[in-house]
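So the chains spell out like this:
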Amino acid sequence: MHTSKRHLAGFTAIVVMVASVSVLALPLSSDDWASMPRWSYAGKTGPSYWSAMAPSFVACGHGKAQSPIDLESRDAKSGKAGEFHIDYEKGAVALVNNGHTVQANVSDAKDTVVFDGDTYRLAQFHFHSPSEHTTDGTRFPLEIHFVNEDAKKRVVVVGVVVKLGKPNDSLAPVLKSLPASDKETSKGSTPPIAVDVGSILPRDHRAYVYAGSLTTPPCTEGVHWVVLKEPIQMSNDQIASFTRIFPDNHRPLQKANGREIDNESE
Ligand SMILES: [Zn+2]
């Protein structure tokens, strides 16, 4: 190592500066994604290398409130913060394969989450295989993330885990149309697909609520997580329709670092 102390100090200052900027950074628009380094879930561009791939990814390695985490029922407290109400309705989505997942872009402004009194609108939902969060150590075959933003670009993500079971009628139209590659959709996305978004969620809206981050680069913190406890079901074929395209697109568990996990229900 030839790095002098002075260089190290300078480097540390830059890292601290970038880290604090990245925590405040707004979620990226789709235009920004195209210019990002080509991160992945394996090898030299996998999760343990994300923070070294770009200065804006530094939170992926140095953040102290990262997601996903293991959610332990015995550690969860009945907190006062994190009151929420989910109101998703019938609408239409357009599917995009962005190389990391299949994302269902929602254009209706009607789908909302009220979190701590503020209204967030559903922008998109997407899939991870296997689940990113674990509950009491259990990992599920899939996890769906419903990403909601408010006017200040703050983010609430509603996480729904999927277990093997009955065919899922609500998601059937989406799962039948998953674009197998980013080249499959000529105009960047599928034609609109009618979906009753509210009916995708489990009936029971009891949830673990905690403060975390995006689980993909730039791993931006300040994300409110609402992970619903009741799994929804999908058939083996339905789960396979996603895992055929993305066999593994989950980020490993991150350190909780003493963060509080709250039990909440609507
Ligand atoms: Zn996600």
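Where an unreviewed UniProt entry is consulted, the protein chain appears under the name carbonic anhydrase, with the organism given as Dyella halodurans. Quoted verbatim from the Catalytic activity (unreviewed entry) heading of the UniProt record, the comment on the protein chain is "hydrogencarbonate + H(+) = CO2 + H2O". Reading the Sequence similarities (unreviewed entry) entry of the UniProt record for the protein chain gives the comment "Belongs to the alpha-carbonic anhydrase family."

Those protein atoms acting as donors to the zinc ion are His126 (NE2), His128 (NE2) and His145 (ND1), and they sit at 2.0 to 2.1 Å. Along the chain, the residues that donate to the zinc ion are spaced as H-x1-H-x16-H. Residue histidine 126 is found in strand 6 (residues 118-128), and its partner histidine 145 is found in strand 8 (residues 142-149); the two are separated by 19 residues along the sequence.

This part covers unusual backbone geometry. Residue proline 68 is reached from serine 67 by a cis peptide bond, and omega for that bond is 0°. Counting through the fold element by element, proline 68 comes out in the loop between helix 4 (59-62) and strand 1 (70-71). Cis geometry marks the peptide bond from proline 217 to proline 218; its omega dihedral reads 10°. With respect to the element layout, proline 218 can be found in the loop between strand 11 (207-213) and strand 12 (221-228). For aspartate 136, which is not glycine, the phi dihedral falls at a positive 50°. Assignment of secondary structure puts aspartate 136 in the loop between strand 7 (134-135) and strand 8. Since its relative accessible area comes to 40%, aspartate 136 is described here as partly exposed.

Moving on, we come to the packing of aromatic side chains. Per the stated rule, a full pass over the model turns up 9 aromatic pairs. Taken together, a centroid distance of 5.8 Å and an interplanar angle of 75° make the contact between tyrosine 41 and tryptophan 50 edge-to-face. A centroid spacing of 5.1 Å and a plane angle of 35° characterise the contact between phenylalanine 125 and phenylalanine 146, whose relative ring orientation is tilted. Here phenylalanine 125, found in strand 6, pairs with phenylalanine 146, found in strand 8; they are 21 residues apart in sequence, far enough to count as distant. Comparing phenylalanine 125 with phenylalanine 146 shows no difference in burial state: the two are buried. Members of the aromatic cluster, joined through ring pairs, are Tyr88, Phe125, Phe127, Phe146, Phe242 and Phe246. If you follow lysine 229 out to its NZ or CZ, it ends over the ring of tyrosine 208, 4.5 Å from the centre.

Moving on to the environment of alanine 92. Assignment of secondary structure puts alanine 92 in strand 3 (residues 90-97). For alanine 92, a relative accessible area of 24% gives the class partly exposed. Along the chain, alanine 92 and valine 195 lie 103 residues apart, while their C-alpha atoms are 5.5 Å from each other. Beyond its immediate stretch of four places on either side in the chain, alanine 92 contacts Asn105, Val106, Ser107, Asp108, Pro192, Ile193, Ala194 and Val195.

What follows concerns the environment of lysine 110. Checked against the element boundaries, lysine 110 lands in the loop between strand 4 (102-106) and strand 5 (112-115). Distance from lysine 110 to lysine 90, taken between C-alpha atoms, is 9.0 Å for residues 20 residues apart in sequence. Residues within four places of lysine 110 in sequence aside, it is in contact with Asp87, Glu89 and Lys90. Only 3.2 Å separates the side chain of lysine 110 from the backbone oxygen of lysine 90, close enough to count as a polar contact.

Moving on to the state of the cysteines. Applying the stated criterion across every chain, the model contains 1 disulfide. Covalent S-S linkage joins cysteine 60 and cysteine 219, the inter-sulfur distance amounting to 2.1 Å. Of note, the bridge from cysteine 60 to cysteine 219 carries an S-S torsion of about 95° and is right-handed in sense. Within this pair, whereas cysteine 60 is found in helix 4, its partner cysteine 219 is found in the loop between strand 11 and strand 12, the two being separated by 159 residues in sequence. Pair check on accessibility: cysteine 60 and cysteine 219 agree, each one buried.

About the thresholds
- Residues numbered from 1 in each chain as written.
- Predicted model: local features only at pLDDT ≥ 70, side-chain atom pairs only at ≥ 80, totals over all residues.
- Heavy atoms only, no water.
- UniProt positions renumbered as here; feature names shortened; annotations may be inferred.
- Donors = N, O, S within 2.8 Å, 3.2 Å for Na, K, Ca; no water.
- Helix = DSSP H or I, 4+ residues; strand = E, 2+ residues; numbered from the N terminus.
- Buried < 20%, exposed > 50% of the residue type's maximum accessible area, 1.4 Å probe, protein only.
- Phe/Tyr/Trp six-rings, centres within 6.5 Å; stacked < 30°, edge-to-face > 60°.
- Lys NZ or Arg CZ within 6 Å of the ring centre and 35° of its normal.
- Contact = heavy atoms within 4.5 Å.
- Polar contact = N/O pair within 3.5 Å; in protein donor to acceptor, adjacent residues only side chain to side chain.
- Disulfide = S-S within 2.5 Å.

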